[in-house]
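Coordinates in review
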Amino acid sequence: MGRINADCDACMCEDATLHGKVSLEDGSPAADARVYLQGEKLKLLTTADHRGMFRIPGVCPDGKNTLKIKKAKYATATVTVPASNRRNLAIQVQLQRSGKPYIFRSPEDKARRVGQSVSLCCDALGSPAPDRYLWYHNGSLLDPSLYKYKNSLVLKNLKREQSGEYFCKASSAGGSAKSQSAKLAVIGRQEAACNPQPQSHLIRLPHDCFQKETNSFYYDVGKCPSKTCAGKLDKGLRCKDNVSYCCGVSKMETRDISCNGYTLPTKIVVECGCKKCTETKITVRGRATAADNGEPLRFGHIYMGNKRVSMTGYKGTFSIHVPADTERLVLTFVDRLQKFVNTTKVLPFKENGGAVFHEIKLLRKQAPVTLESTETNVISLGEMEEDDPIAELEIPPDAFYRKNGEAYRGKVKASVTFLDPRNISTAPVTQSDLNFVDEEGDVFPLRTYGMFSVDFTNEQGTESLNAEEVKVHLDAAQVKMPEHLQEMKLWSLNPETGLWEEEGDFNLEKSRRRKREERTFLVGNMEIKERRLFNLDVPESRRCYIKVRAYRSERFLQSEQIQGVVISVINTEPEPGFSSNPRAWGRFDSVVTGPNGACVPAFCDEQNPKAYAAYILASMGGEELEAVSSAPKLNPNAIGVPQPYLNKLNYRRTDHEDPNTKKTAFSINMAKPSPNSPEENNGPIYAYENLRECEEAPHSAAHFRFYRIEGDRYDYNTVPFSEDDLMSWTDDYLAWWPKPMEFRACYIKVKINGPQEVNVRSRNMGGTHPRTIGQLYGIRDVRSIRDPEQRDVSAACLEFKCSGMLFDQDRVDRTLVKVVPQGSCRRESVNSMLHEYLVNHLPMATNNDSSEYTMLAPLDPLGHNYGIYTVTDQDPRIAKEIALGRCFDGTSDGTSRTMKSNIGVGLTFTCSERSPAEQSIFQSQRNSGQQSILVQPGESPAYRRPPSSRQTPQRRIPMTGQRSRPY
């Protein structure tokens, strides 16, 4: 078709003409895009006009000619001219913004035996798409010609020396990105897959169960570390093993613990082995509200990448199921009413399953101002009293244009919202996690000097406008660290990856005048198109990690550590002369505590300990935890950091100078540990290259501490289980929670008439299941809470084990629940609807003793009308918190932190005041002798069928003169 052109490098068809249109991601024209013909060398054919249109005569439509279309900051597009008999042919091309690859799947940890094979995989996305993968073992490049890999690495006939860490590096014309490292364990053919010896794990016993042998209230029940092990393999090599194996409990034994007046059964781990990993679900929950006044984001859309995955509720609450293999959870919150700036957050989550609660703070959009498109317009960024703006936007005349490329003339509504780092209260509003990927594919942090969101529309607000040749003037006087002047860059946020990407550099301009004085500015150029969120940042290489742990009490015991606590760090720069009053914040980071605490990144300095400071706080379920006090004097043993390093760090709790302020955060100087100082090389600050050392630091190593006062509650499970670590679940008939992917929490509201607050216990035993009848599931203790409006009334929300299927999902068990208040109490009444339900759902528990109440727990999720509160969730703590909130409120859908004693009550007791001589319920069962609460299977006399079945409901008979009943 056609003839050879003069250069003898292409075919020409003189009667054919190709018409084309090039657009950007948002549909706007790709003005000045260059169109090349692919051959031995690229040959420039034409350039697109301001409408993105181009015309090329003489191109043969034979299906063999290939065009390359290029534009700065966009990935090169390749298009083949289609075969056609028509003389005039039209094509449309859309350019994608160029960027570095993004790793969306990293290799997984695996365990194998010598001689077996393994496949490790990683995958990356990007524009342009990654076209090269490299694999590294313990930091050394594996020879591509030897291993013949691409995005998957296959290792056959494994040897021990091939154990270690593996990661991949994906590359394209846009740059590189590195995956997370995976651990490969290679053990001997006959070697035990797991250490059979359990680790020590202490549980707290009831208050009436002091152990003289150990001189404590703790008992070692053992545990097995949940790590990957070499299990049975199926045929074939896969990126993800069909069945995952973890070290877990392979053998348990029952031990009887002697308590004061009774025997407490418990199961202890005696042997660990390799078994199928416990399947769990990962959830992120939270609440999205305005940073200024707490107004909720009602019915906002939540996006994961370009896909809408959820909505916020009326109160701004949300719940997101985290898909398997998610490494980096990037969510964007979009306000349909446009009151708030679209907010992208990178949210940490519990990788071993369960839920984490996040407070999402949103920045309210600035009210729009009206601009004349034909004039030069200047918009200030940052308004602080007695201080100048940090920067200004300068928009030249005729800079606005529509998405179709047409110039816009007329009035413009401009809403530019600036996040000012000089106001420390704005730190939680930070977009994303302030990270970028360098040319080698490594993730590095940024230090911000301010973020701004830009929204330009026509006068009616119905059409979004773009702008070109916009200048940013950054006041150099606002940059207090001189070295940052040379490193300042303009960045834009990629909402799909949550990473910041470079938009351009700044240049010093000393001739600009303002307020009749000579000023120096950093000037950068930008275009405002598909991306509307920008950042004034510098890369920062001076990095450290802070070791933080959270606890259930001020005892700070290793066995009482809490997982799932969100630890947040705000990096600040002290103002000269006012080290306790930070001038500005520069970075905001959050990490979730795991079984060994958390390592939170922060900027640090080795030469000047005061160059950077950090403000650290912790929260769980939206509730802030308390930090260790720093006044009237420092207590290194309580804080967890020895002297003299503690003084160098200048630890200060927020109430250090004003006791009326909150006690939920502390500040420190980020003094990087000196390698020549032994006392500084055992935590709590670790150099950035020592992350592994920080993550694996023993409990005895220095660390900072938060604690949560959980009140007068006590939980005991016969089969030990940590609600913070769902992988610790054991498939046992006596497990309190029968399923590790679904947790059902049940509470009954107990009202106490009497002058004192009373401790109430529930004893939970097998009721109808042949494998558990008469055996203890666990104990729950709680202290009643005084009604603020009624002097002689209190109430307690008491947990009991829900009825339902046991772990084998074979048949249900109606849990036998005994509710026993402390002291001289008599049962006054039972909720009439609850009583009627129990009568109509046989069998019926006996209740001959009016000082307590026994029931076979209902199978149905009854509500507040019955005095029962039931919540099912994928995380046990969330389920319990929601159920408690409803129980306190006395409703089935509300929540309260104030006990409402007269609403939604299930049981009512009247208790007289105890004499000083009476012992606590936590200390004795003095009237029962040496009783055991372990009843042999099949021998429980606790329930019976009423002789006349459902026609004879029990009556409530007031009882008087009852003696004090122990637990």
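Keep in mind that what you see is a predicted model, and the values were worked out from it rather than measured.

Moving on to the overall build of the chain. Each helix and strand in the chain was counted, giving 6 helices and 71 strands. At 33 Å, the chain has a C-alpha radius of gyration in line with the 30 Å of a compact globule built from 967 residues. Once the C-alpha set of the chain is aligned to its principal axes, its extents read approximately 110 × 70 × 70 Å. Restricting the contact set of the chain to residue pairs at least 6 apart, pairs at least 24 apart contribute 70%. For the chain, the computed accessible surface area is about 43900 Å², with 46% contributed by carbon and sulfur atoms.

Another point: the sheet that holds strand β29 (residues 354-362). Two pairing modes exist for strands in a sheet, parallel and antiparallel, and in both the strands are linked by backbone hydrogen bonds. Reading across from one edge, β26-β23-β29 is the order of the 3 strands in this open sheet, with mixed pairing throughout. Both edges of this open sheet fall to β26 (317-321) and β29, since each of them pairs with a single strand only. Between one strand axis and the next, the sheet turns through 25 degrees on average, direction left out of account.

In this section: the environment of Pro196. Tracing the backbone through its elements, the reader meets Pro196 in the loop between β18 (182-187) and β19 (202-204). Look at Pro196 and you get partly exposed, because its relative accessible area is 41%. Sequence-wise, Pro196 and Asp15 are 181 residues apart; in three dimensions their C-alpha atoms are separated by 82 Å. Pro196 has contacts with Val270, Glu271 and Cys272, leaving out every residue within four places of it along the chain.

What follows is about the environment of Pro673. Among the structural elements, Pro673 can be located in the loop between β53 (665-669) and β54 (685-687). Between the C-alpha atom of Pro673 and that of Ile685, which follows or precedes it by 12 residues, the distance is 6.5 Å. For Pro673, the contacting residues outside a window of four places in its chain are Tyr645, Glu680, Ile685, Tyr686 and Ala687.

Now for empty space enclosed by the protein. In this structure the tally under the stated criterion is 7 cavities of 30 Å³ or more. A volume near 80 Å³ is recorded for the largest cavity. Contributions of two or more residues to the lining of the largest cavity are made by β34 (411-419) and β36 (443-458). Class assignment for the residues of the lining of the largest cavity results in 8 nonpolar, 4 polar and no charged.

Think of it this way: side chains of opposite charge can pair up when their charged atoms draw near. By the definition in use, this model includes 53 salt bridges. Taking the shortest distance from any N to any O, the salt bridge between Lys365 and Asp455 comes out at 3.3 Å. You can see Lys365 sitting in the loop between β29 and β30 (369-372) and its partner Asp455 sitting in strand β36, a full 90 residues away along the chain. By relative accessible area, which is 24% here, Asp455 ends up partly exposed. When the shortest N-O distance is used, the salt bridge between Lys648 and Glu680 registers 3.2 Å. Taken together, the residues Lys648 in helix α3 (residues 645-649) and Glu680 in the loop between β53 and β54 connect sequence positions 32 residues apart. With relative accessibility at 7%, the residue Glu680 sits in the buried group.

Attention shifts here to the side chain of Asp605. Along the chain, Asp605 falls in the loop between β48 (598-603) and β49 (613-620). Judged by its relative accessible area of 8%, Asp605 is buried. One polar contact links Asp605 to Arg542, side chain to side chain, over a distance of 2.7 Å. In contact with Asp605, not counting residues within four places along its chain, are Arg542, Ala611, Met670, Ala671 and Lys672.

Where the residue is not glycine, phi is negative for most of them; where a peptide bond is considered, it is trans in most cases. The step from Gln643 to Pro644 runs through a cis peptide bond, and the omega angle for that step is 5 degrees. Position of Pro644 among the secondary structure elements: in the loop between α2 (636-639) and α3. Omega for the bond connecting Leu842 with Pro843 falls within 30 degrees of zero, at 0 degrees, which places this linkage in the cis form. Checked against the element boundaries, Pro843 lands in the loop between α5 (832-840) and β66 (844-845). Residue Phe299 is not a glycine yet carries a positive backbone phi of 55 degrees. Within the element layout of this structure, Phe299 appears in the loop between β23 (282-290) and β24 (301-304). One non-glycine residue with positive phi stands out, namely Ser432, at about 55 degrees.

The UniProt entry lists residues 101-185 under the feature "domain: Ig-like" (unreviewed entry), expressed in the numbering used here. For residues 101-185, the helix share is 5%, the strand share is 52%, and the end-to-end C-alpha distance is 29 Å.

Mean pLDDT over the chain stands at 86; residues scoring 70 or higher make up 91%. Here residues 576-582 scores under 50 on pLDDT; set against residues more than four positions off or in separate chains, the count is 6 contacts.

Here we take up the sheet that holds strand β3 (residues 34-37). The sheet built from 4 strands is open, its strands ordered β4-β3-β6-β7 with antiparallel pairing. Two strands close off the open sheet at either side, each with one partner strand: β4 (43-47) and β7 (74-80). The mean angle between the axes of side-by-side strands here comes to 25 degrees, regardless of whether they run parallel or antiparallel.

With that settled, consider the nonpolar core. Residues Phe452, Phe456, Ile546, Ile668 and Phe704 are the most contacted members of the largest nonpolar core, which totals 72 residues. Ranked by the residues each element gives to this core, the list is headed by strand β45 (residues 543-551), at 5 residues. Residues contacting Phe704, with those up to four places away along its chain left out, are Ile546, Lys547, Val548, Arg549, Ile639, Val641, Leu649, Tyr651, Phe666, Ile668, Pro684 and Ile685. Residues Val750, Ile752, Val760 and Ala857 belong to the second largest nonpolar core, which totals 28 residues.

A few words now on α5. Buried residues of α5: Leu834, His835, Tyr837, Leu838 and Val839, and no others. Looking at the packing, one finds that the buried side of α5 touches β57 (743-753), β65 (825-830), β66, β67 (853-856) and β68 (868-873). Where α5 begins, the side chain of Asn831 points an oxygen toward the backbone nitrogen of Met833, at a separation of 2.9 Å.

Quick look at helix α6 (residues 876-889) now. Residue pairs spaced three or four apart in an α-helix point in one direction, given the helix's 3.6 residues per turn. Helix length check: α6 (14 residues) gives 20 Å between terminal C-alpha atoms against 20 Å at 1.5 Å per residue, within 8%. Taken across its 14 residues, α6 has 11 buried, putting it largely inside the fold. Within the span of α6, buried status applies to Pro876, Arg877, Ile878, Ala879, Lys880, Ala883, Leu884, Gly885, Cys887, Phe888 and Asp889. Measuring from the side-chain oxygen of the N-cap residue of α6 to the backbone nitrogen of Arg877 gives 3.0 Å; that N-cap residue is Asp875.

Let's shift gears to the packing of aromatic side chains. Throughout the structure, instances matching the rule amount to 20 aromatic pairs. An angle of 5 degrees between the planes, with centres 4.8 Å apart, marks the rings of Tyr136 and Phe167 as stacked. Here Phe167 lies in strand β16 (residues 164-172) and Tyr136 lies in strand β13 (residues 132-137), a separation of 31 residues in the sequence. Here the aromatic rings of Phe210 and Phe217 are separated by 5.2 Å at their centres, their planes lie at 75 degrees, and the arrangement is edge-to-face. Members of the aromatic cluster, connected to one another through ring pairs, are Tyr651, Phe666, Phe704 and Phe706. For the cation-ring pair, Lys70 lies above Tyr36, with the distance from its terminal atom to the ring centre recorded as 5.7 Å. Between the NZ or CZ atom of Arg447 and the centre of the ring of Tyr449, over which it lies, the distance is 3.9 Å.

Taken together, the side chains of Phe299, Met311 and Tyr314 present a nonpolar region at the surface, about 300 Å² in accessible area. Among the structural elements, Tyr314 can be located in the loop between β25 (307-311) and β26.

What follows is about the state of the cysteines. In the structure shown here, the tally under the stated rule is 13 disulfides. One disulfide bridge connects Cys229 with Cys274, the sulfur atoms lying 2.0 Å from each other. The sign of the S-S torsion, about 90 degrees, decides the handedness of the disulfide formed by Cys229 and Cys274: right-handed. Of this pair, Cys229 sits in the loop between β20 (218-220) and β21 (245-258) while Cys274 sits in strand β22 (residues 262-276), and the two are 45 residues apart along the sequence. On the basis of relative accessible area, Cys229 is assigned to the buried category, the value being 4%. Bridging Cys825 to Cys911, the disulfide has an S-S length of 2.0 Å. Taking the sign of the S-S torsion, 115 degrees for the link of Cys825 and Cys911, the bridge is right-handed. Taken together, the residues Cys825 in strand β65 and Cys911 in strand β69 (residues 907-911) connect sequence positions 86 residues apart. Each of the two residues, Cys825 as well as Cys911, counts as buried.

About the criteria used
- Residues numbered from 1 in each chain as written.
- Predicted model: local features only at pLDDT ≥ 70, side-chain atom pairs only at ≥ 80, totals over all residues.
- Heavy atoms only, no water.
- Helix = DSSP H or I, 4+ residues; strand = E, 2+ residues; numbered from the N terminus.
- Rg over C-alpha atoms; globule rule 2.2 N^0.38 Å.
- Contact = heavy atoms within 4.5 Å.
- Areas by Shrake-Rupley, 256 points an atom, 1.4 Å probe, with all protein chains shown as cover.
- Pairing = 2+ DSSP bridges.
- Axes fitted to C-alpha atoms, helices over the stretch in contact; angles between N-to-C directions.
- Buried < 20%, exposed > 50% of the residue type's maximum accessible area, 1.4 Å probe, protein only.
- 1 Å grid on protein atoms, 1.4 Å probe; cavity = no way out; pocket = protein on both sides within 12 Å on 5 of 7 lines; lining within 4 Å.
- Points joined across faces, edges and corners; volume = space filled by probe spheres on them.
- Nonpolar A, V, L, I, M, F, W, Y, C, P; charged D, E, K, R; others polar.
- Salt bridge = Lys/Arg side-chain N within 4 Å of Asp/Glu carboxyl O.
- Polar contact = N/O pair within 3.5 Å; in protein donor to acceptor, adjacent residues only side chain to side chain.
- UniProt positions renumbered as here; feature names shortened; annotations may be inferred.
- pLDDT = per-residue confidence, 0-100.
- Core = buried A, V, L, I, M, F, W, Y, C linked by side-chain atoms within 4.5 Å.
- Expected span 1.5 Å × (residues − 1).
- Phe/Tyr/Trp six-rings, centres within 6.5 Å; stacked < 30°, edge-to-face > 60°.
- Lys NZ or Arg CZ within 6 Å of the ring centre and 35° of its normal.
- Patch = residues over 30% accessible without salt bridge, like charges linked within 9 Å, V, L, I, M, F, W, Y side chains within 5 Å.
- Disulfide = S-S within 2.5 Å.

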